[in-house]
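Residues per chain are reported as follows:
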Amino acid sequence: MTVKIFFDLEFSDLQPDAMMVSAGFVAENNEALYIEVEEAVWRSDASQFVLDHVKPLLSDQSIPAREAASKIIDWLNSKGPDVTLISDSDWDLRILQNHLQWTGYQWPNLWQWEMAPQHLPSKLHHAFDCAYQAWFLRSGHKQHHALSDAQALRDAHLGAITANE
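Remember, it's a predicted structure, so these values are computed and weren't measured experimentally. Residue numbers run consecutively from 1 along every chain, following the written order of its sequence. Residue-level local features of this predicted model are given only where pLDDT is at least 70; pairs of side-chain atoms are given and counted only at 80 or more, and the full residue set underlies all totals for whole chains, interfaces and linings. Hydrogens and water molecules were not included; the side-chain quantities draw on all heavy atoms of the structure.

This next bit is on the packing of aromatic side chains. Stacked, edge-to-face and tilted are the three classes for Phe, Tyr and Trp ring pairs, Trp counted by its six-membered ring, which pair at centre distances within 6.5 Å; planes under 30 degrees apart are stacked, over 60 edge-to-face, the rest tilted. A complete count under the given rule lists 7 aromatic pairs for this structure. Geometrically, the ring pair formed by Phe128 and Tyr132 is stacked, given 6.5 Å between the ring centres and 15 degrees between the ring planes. Taken together, the residues Phe128 and Tyr132, both in helix α5 (residues 125–139) and 4 residues apart, mark about one turn of the helix. According to the relative accessible area criterion, Phe128 is buried, its value standing at 3%. The exposure class of Tyr132 is buried, given its relative accessible area of 9%. When the ring of Trp135 is compared with that of Phe136, the centres are 5.1 Å apart and the planes differ by 90 degrees; the resulting orientation is edge-to-face. Among the aromatic residues, those joined into a cluster by ring pairs are Phe128, Tyr132, Trp135 and Phe136. For helices the rule is a DSSP run of H or I covering at least 4 residues; for strands it is a run of E covering at least 2, with both sets numbered from the N terminus onward. Burial classes follow relative accessibility: with a 1.4 Å probe on protein chains only, a residue under 20% of its type's maximum area counts as buried, one over 50% as exposed, and anything between as partly exposed.

Below, the structure is given as structure tokens:
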């Protein structure tokens, strides 16, 4: 059985060689992983947007880039071999894959990726978008925090499915 994991990354800039700043992963059952990468890794490449909107949301609990990759791999592998990662942008996927490769890890063959809300039937896209925005209003969390964004994706997915029943 495929395990769905909703994820979001914050990264240094909207460039192909951007560095991962933080990563949030939330399983359908609400188990979560949140990682922040040491600022020394990404700071020199950070855009002004990242410095103004992402950096203030970080917790100062950062870890080295290789340790971050190891924790991500271990956590995702603990969910089983058949994992589907879902994010709202292919940038998240590319930056995650680049980070894993840069730190010496390979993307497991069984891991799949889907883009939200396209991972749902088109008739559920509007319900997904509404549920996504509603999560931030309800929770009081800010966008551009990787774990909050991942939690909103999960909630929007479940909300769209529930609205269809």
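Moving on from the model shown.
This paragraph deals with the pattern of salt bridges. By salt bridge we mean one thing: a side-chain nitrogen of Lys or Arg within 4 Å of a carboxyl oxygen of Asp or Glu. Inspection of every chain in the model, using the stated rule, returns 5 salt bridges. As a salt-bridge pair, Arg43 and Glu39 come within 3.4 Å of each other at their nearest N and O atoms. With relative accessibility at 41%, the residue Arg43 sits in the partly exposed group. Through salt bridges with shared partners, one network takes in Glu39, Arg43 and Lys55.

Our next topic: the packing of helix α3 (residues 65–77) against helix α4 (residues 90–102). Geometry of a packed helix pair, given as the angle between the helix axes and the separation of the axes. Orientation is described by lines fitted to C-alpha atoms, with helices fitted over the stretch in contact, and by angles between N-to-C directions that extend from 0 to 180 degrees. Two numbers describe how α3 lies on α4: the axes approach to 9 Å, and their chain directions differ by 115 degrees. On the basis of their axis angle, the class for α3 and α4 is roughly perpendicular. Both α3 and α4 take part in a crossing whose hand is left-handed. Two secondary-structure elements touch here, α3 through Ala65, Ala68, Ala69, Ile72 and Ile73 and α4 through Leu96, His99, Leu100 and Trp102. Class assignment of the residues belonging to the contact of α3 with α4 gives a composition of 8 nonpolar, 1 polar and no charged. Here roughly perpendicular refers to angles of 65 to 115 degrees, roughly parallel to angles under 35, roughly antiparallel to angles over 145, and oblique to all remaining angles. Here a crossing is called left-handed whenever its near helix is offset anticlockwise from the far helix by less than a right angle, and right-handed whenever the offset is clockwise. Contacts: residue pairs with any heavy atoms within 4.5 Å of one another. The nonpolar class holds Ala, Val, Leu, Ile, Met, Phe, Trp, Tyr, Cys and Pro. Asp, Glu, Lys and Arg form the charged class, and all remaining residues, Gly among them, are polar.

Here we take up the environment of Ile73. Along the chain, Ile73 turns up in helix α3. For the pair Ile73 and Gln106, spaced 33 residues apart in sequence, the C-alpha to C-alpha distance is 9.3 Å. Sequence-distant contacts of Ile73, defined by excluding residues within four places in its chain, comprise Leu100, Tyr105, Gln106 and Trp111.

Keep in mind these numbers describe shape, not what the thing actually does.
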